Amino acid sequence: MENDFIIIGGGIAGVSAAARLSALGQVSLLETESALAHHASGRSAALYEPRYGAPAVVELSLASGDHFRAQDNILTPRGLMIITKSDEGDAFRHDVETMHMDPITPDEARAMVPILNDQVAFAAYADHAWDIDTDLLIQGFARTARSQGARIVTGAPVTAITRTSTGWAVTAGGQEFTGITLVNAAGAWVDVVAGMAGIQPLGFQPNRRSMARIPAPGGHDISRWPMIFGAGETWYAKPDAGALIVSPAEEHPMDPHDAWADDMVLAEGLARYEEMVTEPVTRLISNWAGLRTFSPDRVLVIGRDKRDPSFFWIAGQGGYGFQSAPAASKLAADLLAGTAPELSPDLVAALDPARFG
């Protein structure tokens, strides 16, 4: 059976696209790993903070809000706090302005997070941040896709992509899949997939981000603590299932691979966190890393390839994949169906791969 759409990549971008595109035609989604959302999607901080990112990213994330709010149990209130030392005032003021936060006093910050120490000179808070139940979101999109006839194939690494008279033939997991349109949602591997298809890569860069899970500091109930950022995103900490995730928030360029945390970078990030709190880190429960992949201008790429319209990009999610997925996948479906997008023409143009020439 020939597909209308072959999607390469089973992270949030590919699975949400499958849910939308399966309403338009036959879809096969191909994922290298044995389960969906194995790489970046499975290692996300899982926060919906729509004011986070470049202006085009913010607009796309805001446009996703209705989808999140319409689903039961997808979002849980979290809140967001920024704290800084006395010599970081410029970075603090920039973050407060761009992320629409309200300055609070250090004492007010400590009332929310009692382990903050006297190094905290500036603080700000916003309530427009929510935890995303990423598994519920992924499985919801996958269920919709399957109910509309999509075929989701895991354990199927792509080994060859060739042009046919009607579109594309993709060899994956020892099987051949043919289709009219090839959708590249391969995360850190998007330029690799493009090269396999004979399409000019656009210059995506995967960047490693490491994370550590530590016990709840001082035995506190941290369930209602906000996510905490250092000014300029030099580190962050976020409650997660009774423990605390701490990240150095690094962006270290990497080739696509199954990433792991760098011990030295992790130690440096934990030290930046410890500078601001009264409770030292004495034990790690676990650590891991993911690759956040950005386009050259750090904005998502959604649209038909300029040179070959049968090749469609949905790529460069960076750290915004989950929070932008509902609107990003809807835009992809509109563009592939030839329907006028609900998003503004300026935003559609800002996401178009043609901007790279």
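The rules behind the values
Think of each chain on its own: its residues are numbered from 1, step by step along the sequence as written. The predicted nature of this model means local features are confined to residues of pLDDT at least 70 and side-chain atom pairs, given and counted, to a pLDDT of 80 or more, with totals for whole chains, interfaces and linings taken over all residues. The side-chain quantities take in all heavy atoms of the structure and omit both hydrogens and water. Whether two aromatic rings pair depends on their centres lying within 6.5 Å, for rings of Phe, Tyr and Trp, where Trp uses its six-membered ring; planes under 30 degrees apart make the pair stacked, over 60 edge-to-face, and the rest tilted. Numbering of helices and strands starts at the N terminus; helices are DSSP runs of H or I of at least 4 residues and strands are runs of E of at least 2. Buried, partly exposed and exposed residues are distinguished by accessible area as a fraction of the type maximum, computed with a 1.4 Å probe on protein chains only: under 20%, between the cut-offs, and over 50%, respectively. Reported domain spans reflect what an automatic or database domain assignment gives. By definition in these notes, contact holds between two residues if any of their heavy atoms fall within 4.5 Å. Buried area: the sum, over both parts, of the accessible surface (1.4 Å probe) that disappears when the two are put together. Strands are treated as partners if at least two bridges between them are detected by DSSP. Definition used for salt bridges: Asp or Glu carboxyl oxygen within 4 Å of a side-chain nitrogen of Lys or Arg. Throughout, nonpolar core names a set of buried Ala, Val, Leu, Ile, Met, Phe, Trp, Tyr and Cys residues whose side chains join them through atoms within 4.5 Å.

**What to know about the packing of aromatic side chains**
- Across all of its chains, the model carries 11 aromatic pairs by this definition.
- With 6.1 Å between their ring centres and 65 degrees between their planes, W168 and F311 make a pair best called edge-to-face. Of this pair, W168 sits in strand β11 (residues 168–172) while F311 is found in strand β20 (residues 311–315), placing the two residues 143 residues apart along the sequence.
- Looking at W168, the relative accessible area reads 1%, which means it is buried.

**Overview of the domain arrangement of the protein**
- You can read the domains of the protein as domain 1 (3–45 + 134–204 + 296–356) and domain 2 (80–126 + 205–294).
- Between domain 1 and domain 2, the C-alpha centre-to-centre distance is 31 Å.
- Contacts between domain 1 and domain 2 engage 18 residues on the former and 18 residues on the latter.
- Here domain 1 meets domain 2 over a buried area of about 1,400 Å², counting both sides, of which 56% is carbon and sulfur.

**Regarding the pairing of strand β1 (residues 3–8)**
- Judged by how many residues are buried, β1 sits mostly within the fold: 5 of 6 residues are covered.
- Strand direction decides the pairing type here: β1 and strand β12 (residues 175–184), joined by 5 bridges, are parallel. Bridge pairing in β12 links I8 to N184.
- When β1 meets strand β2 (residues 27–30), the two strands line up parallel, connected through 4 bridges. By the bridge assignment for β2, F5 is matched with V27.

**Quick look at unusual backbone geometry**
- Positive phi is not limited to glycine here, since H100 has a value of about 55 degrees.
- Within the secondary structure, H100 is located in the loop between α4 (89–98) and β6 (102–104).
- In the Ramachandran plot, E233 falls in the positive-phi region, its phi being about 55 degrees despite a non-glycine side chain.
- Structurally, E233 can be placed in the loop between β14 (227–230) and β15 (236–240).

**Digging into the pattern of salt bridges**
- For the coordinates displayed, the defined rule picks out 15 salt bridges.
- Across the salt bridge formed by E233 and R209, the nearest N and O atoms sit 2.7 Å from each other. On the criterion of sequence distance, the pair formed by E233 in the loop between β14 and β15 and R209 in strand β13 (residues 205–215) is long-range, its members being 24 residues apart.

**Some points on the sheet that holds strand β8 (residues 130–132)**
- Strand order across the open sheet formed by 3 strands is β3-β8-β4, with antiparallel pairing between neighbours. The open sheet has two free edges, formed respectively by β3 (47–48) and β4 (75–77), since each of these has just one partner strand.
- Direction of pairing for β4 relative to β8: antiparallel, over a ladder of 3 bridges. What sits directly across from P77, in β8, is W130.

**Regarding the nonpolar core**
- Counting residues in each nonpolar core, the largest one holds 67 residues, and the members touching the most others are I7, L21, L60 and I302.
- For this core, the leading source of residues is helix α9 (residues 321–337), giving 8 residues.
- Each of domain 1 (3–45 + 134–204 + 296–356) and domain 2 (80–126 + 205–294) accounts for three or more of the residues forming this core.
- For L60, the contacting residues outside a window of four places in its chain are L300, I302, S324, A327, A328, L343, L347 and L351.
- Among the nonpolar cores identified, the runner-up in size contains 24 residues, and I161, L182, V301 and A315 belong to it.

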